[in-house]
Amino acid sequence: MNDENYRLEKLNFVSNLNGTTIDRILNILTLVPLVYFFSILIKIQFILVIYSWKKTLKIGFWFSFLSDFCFNLAPLVFLCTIFEKWSEYSIYALIFLSFVIYLPALKYQNAIKSNTKLSDEIIANILKLSIGSFRVMLYVFTAISILAVDFNVFPRYLAKTEKYGISIMDLGVGMYIAVHSMKIIRNDKLDLSNSLVSRLLNEFKSSSIIMLIGCLRLFSIKSTNYVEHVSEYGVHWNFLFTIVVVKILACFLEPITKNSSLRTALLSAFISFYYQYFLTKKNFSQYLLTETRDFNNLVDMNKEGIFSCIGYLGIQYS
């Protein structure tokens, strides 16, 4: 098979996909927090057992790494690939196992309550592991959505849809923006004493690594002639550029969202409503979905990625 035939085979492998049903997507989305909750219960059990032996515990790198790998990464990968067809039964199994693991922890409850210092130390270690697990869940889910799609083990109905439909990959990028916004949005800690130009420069500086990775990705794809779906983000655009643009756009909206969850929610609803309005009522979706594009116009060449930033901005403030 020559290079051109290989590219066509690879392109057909990820083309003309229509997604799956809402029920199946909800089953997978239910598994993600269940795996997270299950892993936290196991880690709590480990911490309580070790504390009962040594009365002290230092959470090191290898303990965190192995616990995240065994109880977060591996289960999620299997449940979203080879075990996905049994996702409904996996939900029941995780609920049952979580209940079974929780029961032994009750016998340590009185001993912990009697020692305030010990209780505070346990809570600090559990919180540290919980935050680490939450970040791991995001990265694993992103890796599954983006990387596993190139392999047969990943169900085709979970891969990104062509034009219409819903799949786990369609939700993956939106979830990444939503979780990412938890880190960059701090309504009660925003410092607006600096000028807009200063805040923009700081944002450009903090986003420089993401922009660099996005440029390297663009260069590597174009130089190696790697198979890509132009209809996903455009000719040159990729999701890393979308993250940078959304963060920069957020700088202009910081004065509106500062110290007000209500204004943040209203802003999200306003952006989402009018973006959907133009897509449906003004037939803007026809422009984005059409395969023809002006290759002398940089915006038209990357229309899917550029205009999707508006929708992602609405998700960020949701």
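Preceding this paragraph is the structure being described.
Rules behind the numbers
Residues numbered from 1 in each chain as written. Predicted model: local features only at pLDDT ≥ 70, side-chain atom pairs only at ≥ 80, totals over all residues. Heavy atoms only, no water. Axes fitted to C-alpha atoms, helices over the stretch in contact; angles between N-to-C directions. Helix = DSSP H or I, 4+ residues; strand = E, 2+ residues; numbered from the N terminus. Left-handed = near helix turned anticlockwise from the far one by under 90°. Contact = heavy atoms within 4.5 Å. Parallel < 35°, antiparallel > 145°, perpendicular 65-115°, else oblique. Nonpolar A, V, L, I, M, F, W, Y, C, P; charged D, E, K, R; others polar. Buried < 20%, exposed > 50% of the residue type's maximum accessible area, 1.4 Å probe, protein only. Patch = residues over 30% accessible without salt bridge, like charges linked within 9 Å, V, L, I, M, F, W, Y side chains within 5 Å. Areas by Shrake-Rupley, 256 points an atom, 1.4 Å probe, with all protein chains shown as cover. Salt bridge = Lys/Arg side-chain N within 4 Å of Asp/Glu carboxyl O. Bend = angle between axes of the 7 residues up to and from the residue. Polar contact = N/O pair within 3.5 Å; in protein donor to acceptor, adjacent residues only side chain to side chain. Phe/Tyr/Trp six-rings, centres within 6.5 Å; stacked < 30°, edge-to-face > 60°. Lys NZ or Arg CZ within 6 Å of the ring centre and 35° of its normal. Expected span 1.5 Å × (residues − 1).

### Some details on the packing of helix 12 (residues 261–280) against helix 15 (residues 303–316)
To characterise two packed helices, one gives the angle between the axes of the helices and the distance between these axes.
No. 1: The contact between helix 12 and helix 15 brings their axes to 8 Å, and the two run at 145°. Handedness of the helix 12/helix 15 crossing: left-handed. Across the interface between the two elements, S268, I271, S272 and Y275 from helix 12 touch F307, S308, I310, G311, L313 and G314 from helix 15.

### Thoughts on the packing of helix 9 (residues 208–224) against helix 11 (residues 239–257)
No. 1: Contact pair helix 9 / helix 11: the axes reach a minimum separation of 8 Å and the direction vectors enclose 150°. Taken together, helix 9 and helix 11 sit at an angle that is classed as roughly antiparallel. The element helix 9 and its partner helix 11 pack so that their crossing is left-handed. Across from I210, M211, I213, G214, C215 and R217 in helix 9, the residues of helix 11 making contact are L240, F241, I243, V244 and K247.
No. 2: Tallied by class, residues from the contact of helix 9 with helix 11 come to 8 nonpolar, 1 polar and 2 charged.

### Considerations on the environment of M169
No. 1: Structurally, M169 can be placed in helix 7 (residues 168–184).
No. 2: Accessibility expressed as a relative area gives 11% for M169, which makes it buried.
No. 3: Along the backbone, M169 and S145 are 24 residues apart, and their C-alpha atoms lie at a distance of 5.1 Å.
No. 4: Excluding its chain neighbours within four sequence positions, the residues that come into contact with M169 are S145, I146, V149, F154, L158, A159 and K160.

### Observations concerning a nonpolar patch on the surface
No. 1: A cluster of nonpolar side chains, contributed by F78, I82, F83, W86, Y89, Y92, F151 and V153, occupies part of the molecular surface with about 870 Å² of accessible area.
No. 2: With respect to the helices, strands and loops of the structure, F83 is situated in the loop between helix 3 (61–79) and helix 4 (87–105).

### Concerning the pattern of salt bridges
No. 1: This structure, assessed with the given rule, holds 3 salt bridges.
No. 2: Residue E304 pairs with R293 through a salt bridge whose shortest N-O separation is 2.7 Å. Remark: R293 occurs in the loop between helix 13 (284–289) and helix 14 (298–301) and E304 occurs in helix 15; sequence separation between them is 11 residues. With respect to burial, E304 and R293 carry one shared label: buried.

### What to know about the environment of A250
No. 1: The residue A250 is located in helix 11 in this model.
No. 2: Judged by its relative accessible area of 8%, A250 falls in the buried class.
No. 3: Measuring from C-alpha to C-alpha, the distance between A250 and Q316 comes to 8.9 Å, with 66 residues separating the pair along the chain.

### Comments concerning helix 11
No. 1: The sharpest bend along helix 11 measures roughly 45° and falls at C251, with the proline P255 sitting one to four residues further on.
No. 2: Where helix 11 begins, the capping side chain belongs to N238, and its oxygen is found 3.0 Å from the backbone nitrogen of L240.

### Some points on the packing of aromatic side chains
No. 1: Under the defined criterion, the tally for this structure stands at 12 aromatic pairs.
No. 2: Ring centres 6.0 Å apart and planes at 45° place the aromatic pair F78 and F83 in the tilted group.
No. 3: Since its relative accessible area comes to 40%, F78 is described here as partly exposed.
No. 4: By relative accessible area, which is 37% here, F83 ends up partly exposed.
No. 5: Note on Y274 and Y277: the rings are 6.4 Å apart at their centroids and 70° apart in plane angle, and the pair reads as edge-to-face. In this pair, Y274 and Y277 are both assigned in helix 12, 3 residues apart and thus about one turn of the helix distant.
No. 6: The ring of W86 has K85 sitting right over it, with the charged end atom 5.5 Å from the ring centre.

### What about helix 15?
No. 1: Compared with the 20 Å implied by 1.5 Å per residue over 14 residues, the 20 Å span of helix 15 between its first and last C-alpha is a close match.
No. 2: Taken across its 14 residues, helix 15 has 10 buried, putting it largely inside the fold.
No. 3: Those residues of helix 15 not exposed but buried are K303, E304, G305, S308, C309, G311, Y312, L313, G314 and Q316.

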